[in-house]
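# Structural features, examined
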Amino acid sequence: MDDRSPISAKATAKTTDFDAIVVGAGFAGMFMLHRLRQQGLKARVFERGSGVGGTWFWNRYPGARCDTESMEYSYQFDDALQQEWNWPERYSAQPEILKYANHVADRYDLRSDLQFNTKVLSATFDESRNCWTIATDDGKRVTARYFIMATGTLSIANKPQFPGVESFKGRVLYTSDWPHEGVDFTGRKVGLIGTGSSGIQSTPHIAAQADHLTVFQRTPNFSVPARNRPLSEEERNTTKARYGELRKFTYEQPFATDFHLNDQSALSVSPEERKRIYEQRWNEHGGLHFMAAFNDLMFNSEANKTVAEFIVDKIHGIVNDPDKAEILAPRNGVVGCKRLCSDTDYFETFNRDNVSLVDVSKQPIESFTANSIKVGGNDYPVDDIVFATGFDAMTGALLGVDIKGRNGQPLREKWSAGPRTYLGLQTVGFPNLFFISGPGSPSVLTNMMVSIDQHVNFISDTIRHLEQSGVALIEPQQPAEDAWVDHVNEVADLTVYPTCNSWYLGSNVPGKTRVFMPYVGFNTYVDKCKDVVAKGYQGFTLVRRAAETA
Ligand code: N01
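All of these numbers come straight from a predicted model, not from anything done at the bench.

Bringing helix α5 (residues 197–209) into the picture now. The largest bend in α5 amounts to roughly 35° and is located at Thr-203, with the proline Pro-204 lying one to four residues further along. Turning to α5, its buried residues are Ser-198, Gly-199, Ile-200, Gln-201, Ser-202, Thr-203, Pro-204, Ile-206 and Ala-207.

What follows is the structure, given as structure tokens:
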């Protein structure tokens, strides 16, 4: 720790409006508020939506459900909460997860400090008072000593611009901002653009209701059957009885979840044995667990090829029309490089008479007319368009707020060549600004609830330390930040992640700098954070309070 006496600290504000301002009332923001209150700090959470739940508030498209098991995709900070809540399914659907978020808000009486329908526009660090001034779209400004961005990693939609879209006369829908009243597709011709997790989850549901569904696919995707099912009371109770052990175990795992990893290389077994293991994983585990069939699928391209071939064969086995199957099969793809999808009857849906598939990989969507989508000179008639085109991931929401640090430096300027953080938690030049599951932290490569738990606890423990030791400001040191950014990239380069275009790299958004954003390895990350604290906040500068000022 560089625990020097004041460097730039001229004075510390004695009175700010709040001790802390948190942005976002999703799972991260709610838990952060709870922890700040436990310390007796005065905090407010600003949320642009009209309710809690973050991603589960907005993504209400048909078929939306989590692909991390519900018994794990839940808070662990209070045993009473995890014992009393009953998840109905192995992978619970969006309405159930939103119900849980609301239950938590009520149970911990959070709402009095949650301000809904309020967008944070800017946040400026005031060097003369060592505090942040936060401006919101209701025209108000507040000051706070700590400013915490709990804005989620997939919260700002990627909205590709297509010629003529403004002339389209039908309904334009985004999976990431689905109408709360639901959408009836009965008797409609629907065009769906995008075949990531959102498109793959919604396709079977829209197809079951619509007159006709046309899926416009740019890149074929790997998807594994989720094997979702109702959870029996016995199953729930068995997990509840060993929750402590399970939570401890997941904290020690690279993806912060219990994938039942088979600790063998895919290349160490015979082709017959490999196929047997893949078949078993496909049929019994399904979903993201499938990739734990062997320990090197994300690290060795040759091992990955074996799993890619298996899934391509499966697609050909499911889809009756060989031409459609070939378009759907990611022939030269790397499984997991783009995030693996988990589905219920996705490939089967292409056997329906009312579903067609248009390959827009070589001939992109040309334009929209009043009632059709044009590709390769052909007109595909549609009444409704569903955009499942993803997100400006990891940095979109952070840079959506005009954040200015020391010397008025905009975060947008500092991160113009990609995000730079120390541990994904803080960035040099922006004291007392914290990111929850920010770029450079494991976040999206893990069970997000565990990452949120770890980050919120780290931040609240850090704030407690600052409060108790008379420290006004915390900020990373430049060498520590530089080394961490290098380390994030070095670790990513040991994996197959950088070998394709994905939102992990920002390459799904035209013009966004290509840089790998999350950190691979939750367990190593946790150890690193513990070590940093044990060494007195190594790599951070802590600036002591110099004087008090009103
Ligand atoms: O977004 P995506 P998503 N023309 O970016 C296509 C989480 N999530 O919302 O691959 C034509 O994955 C784009 O094509 P391409 C999860 O982490 C979780 O589906 O860029 N197509 C791609 O097919 C997930 O990974 C859950 O060539 C265009 C699609 O749009 C993340 O959110 C459920 C295009 C975007 O796919 C994002 O998933 C849902 C264009 N101009 C989401 N631009 C679960 O828990 C983009 N595309 C299960």
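Moving on to the site of the ligand. The ligand sits among 23 residues. The nearest are Thr-195, Ser-198, Arg-218, Thr-219 and Lys-338. Contacts to the ligand include Thr-195, whose backbone N or O atom sits 2.9 Å from an oxygen atom. Measuring from an oxygen atom of the ligand, one finds a side-chain N or O atom of Lys-338 at 2.8 Å. In isolation the ligand exposes 920 Å². Once the protein is present, 88% of that is buried. Sort the elements by how many residues they give to the shell around the ligand and α5 lands first, with three residues. Residue composition of the shell around the ligand, grouped by class: nine nonpolar, nine polar and five charged. There are two domains that each give the shell around the ligand at least three residues, and those are domain 1 (6–156 + 392–544) and domain 2 (157–222 + 343–390).

Burial analysis of strand β2 (residues 18–23) places six of its six residues in the buried class, which makes it a mostly covered element. Taken together, the five bridges between β2 and strand β7 (residues 141–149) define a ladder with parallel strand orientation. Bridging across to β7, Ala-20 finds its partner in Tyr-146. Direction of pairing for β2 relative to strand β3 (residues 43–46): parallel, over a ladder of four bridges. Bridge pairing in β3 places Val-23 opposite Phe-46.

Another aspect to go through is the sheet that holds strand β14 (residues 365–368). A sheet is described by the order of its strands in space; here three strands give the open sequence β14-β15-β16, paired in antiparallel fashion. With one partner strand each, in any of the chains shown, β14 and β16 (378–381) form the two edges of the open sheet. Each strand of the sheet is rotated relative to its neighbour by a mean of 25°, with strand direction disregarded. Sheet analysis places β14 next to strand β15 (residues 372–375), joined by three bridges and oriented antiparallel.

Within the largest apolar cluster, 128 residues are counted, with the highest numbers of intra-cluster contacts made by Phe-27, Tyr-75 and Ile-148. Dropping the residues within four chain positions of it, Phe-27 is found in contact with Trp-56, Tyr-73, Tyr-75, Ile-97, Tyr-100, Ala-101, Met-449 and Ile-452. Residues Ile-21, Ala-123, Ala-144 and Ile-403 belong to the second largest nonpolar core, which totals 24 residues.

Next up on the list: the side chain of Asn-59. Within the secondary structure, Asn-59 sits in the loop between α2 (55–58) and α3 (79–84). Accessibility expressed as a relative area gives 7% for Asn-59, which makes it buried.

For the rest of this paragraph, the subject is unusual backbone geometry. Unusually for a residue other than glycine, Asn-130 sits at a positive phi of about 55°. Position of Asn-130 relative to the elements: it lies in the loop between β5 (120–126) and β6 (131–136). Non-glycine residue Arg-227 carries a positive phi angle of around 60°. Following the sequence through the fold, Arg-227 ends up in the loop between β11 (223–225) and α6 (233–241). Arg-227 sits in the partly exposed class, given a relative accessible area of 32%.

The subject of this paragraph is helix α4 (residues 94–107). Here α4 contains 14 residues, and its C-alpha end-to-end distance of 20 Å stays within 8% of the 20 Å for a straight helix at 1.5 Å per residue. Within α4, the full set of buried residues consists of Gln-94, Glu-96, Ile-97, Leu-98, Tyr-100, Ala-101, Val-104 and Ala-105. Looking at the buried side of α4, the elements it contacts are α1 (27–38), α2 and α3. Of the residues one or two after α4, Asp-109 is the one with positive phi, at around 55°.

It is worth spelling out empty space enclosed by the protein at this point. Vacant regions in the atomic arrangement are exposed by a probe of water-molecule size rolled over the atoms. For the structure shown, the criterion picks out seven cavities of 30 Å³ or more. Put simply, the largest cavity is a space of about 90 Å³. As for the largest cavity, its lining consists of Pro-419, Arg-420, Thr-421, Pro-439, Gly-440, Trp-484, Val-485, Val-488, Asn-489, Val-515, Phe-516 and Met-517. Partitioning the lining of the largest cavity into residue classes produces eight nonpolar, three polar and one charged.

One can find Ser-342 in strand β12 (residues 341–343). Once residues lying within four places of it in the same chain are set aside, the contact partners of Ser-342 are Asp-67, Gln-201, Ser-223, Val-224, Ala-226 and Gly-287.

Throughout the structure, instances matching the rule amount to 31 salt bridges. Here Arg-276 makes a salt bridge to Glu-273, at a shortest N to O gap of 2.9 Å. Residue Arg-276 and its partner Glu-273 are located together in helix α8 (residues 271–285), separated by three residues, close to a single helical turn. For Lys-404, the salt bridge is made with Asp-402, and the minimal N-O distance between the two is 3.0 Å. On the basis of relative accessible area, Lys-404 is assigned to the partly exposed category, the value being 27%.

This part takes up the environment of Arg-111. You can see Arg-111 is positioned in the loop between α4 and β4 (114–115). Judged by its relative accessible area of 30%, Arg-111 is partly exposed. Note: C-alpha distance between Arg-111 and Gly-51 (60 residues apart in sequence) is 9.5 Å. For Arg-111, the residues in contact, after removing those within four places along its chain, are Val-52, Asn-102, Ala-105, Asp-106 and Phe-116.

Here is what the cut-offs are and how they apply
Residues numbered from 1 in each chain as written. Predicted model: local features only at pLDDT ≥ 70, side-chain atom pairs only at ≥ 80, totals over all residues. Heavy atoms only, no water. Bend = angle between axes of the 7 residues up to and from the residue. Helix = DSSP H or I, 4+ residues; strand = E, 2+ residues; numbered from the N terminus. Buried < 20%, exposed > 50% of the residue type's maximum accessible area, 1.4 Å probe, protein only. Near = heavy atom within 4 Å. Polar contact = N/O pair within 3.5 Å; in protein donor to acceptor, adjacent residues only side chain to side chain. Areas by Shrake-Rupley, 256 points an atom, 1.4 Å probe, with all protein chains shown as cover. Nonpolar A, V, L, I, M, F, W, Y, C, P; charged D, E, K, R; others polar. Domains from an automatic or database assignment. Pairing = 2+ DSSP bridges. Axes fitted to C-alpha atoms, helices over the stretch in contact; angles between N-to-C directions. Core = buried A, V, L, I, M, F, W, Y, C linked by side-chain atoms within 4.5 Å. Contact = heavy atoms within 4.5 Å. Expected span 1.5 Å × (residues − 1). 1 Å grid on protein atoms, 1.4 Å probe; cavity = no way out; pocket = protein on both sides within 12 Å on 5 of 7 lines; lining within 4 Å. Points joined across faces, edges and corners; volume = space filled by probe spheres on them. Salt bridge = Lys/Arg side-chain N within 4 Å of Asp/Glu carboxyl O.

Function cannot be inferred from these measures alone, as they are strictly geometric.
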